[in-house]
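One-letter residues, chain by chain:
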Amino acid sequence: MTNKFVEEAPYHPGYEDASFKAPVSPVAAELDSFRKSNSRYLNFADVIVDFCASEQAKHLIK
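The structure reproduced in this document is the subject of the present report. This one's a predicted model, so the numbers in the text were calculated from it and none came from an experiment. (Residues numbered from 1 in each chain as written. Predicted model: local features only at pLDDT ≥ 70, side-chain atom pairs only at ≥ 80, totals over all residues. Heavy atoms only, no water.)

We now examine the pattern of salt bridges. Under the definition given, this model contains 2 salt bridges. When the shortest N-O distance is used, the salt bridge between K36 and D32 registers 3.3 Å. Highlighted residues: K36 and D32, both in helix α2 (residues 26-61), separated by 4 residues, approximately one helical turn. Judged by its relative accessible area of 33%, D32 is partly exposed. Here E55 ties to K58 by a salt bridge, and the two come within 3.3 Å at their closest N and O atoms. Highlighted residues: E55 and K58, both in helix α2, separated by 3 residues, approximately one helical turn. Judged by its relative accessible area of 25%, E55 falls in the partly exposed class. (Salt bridge = Lys/Arg side-chain N within 4 Å of Asp/Glu carboxyl O. Helix = DSSP H or I, 4+ residues; strand = E, 2+ residues; numbered from the N terminus. Buried < 20%, exposed > 50% of the residue type's maximum accessible area, 1.4 Å probe, protein only.)

Here is the structure:
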């Protein structure tokens, strides 16, 4: 049925990327937000560890 709608729809420049998104359950949306938040924290922790390691390496070289 969706193919029929696509065939009949007129072309509108600028809407090539338009699509219909399936509804997302609230639980899945919350889990996704937790994953993104956790990823940010882990990336920041990696930066701190790298900084500390480079500072320690500087003091060992002197």
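There is more to say, and it comes next.
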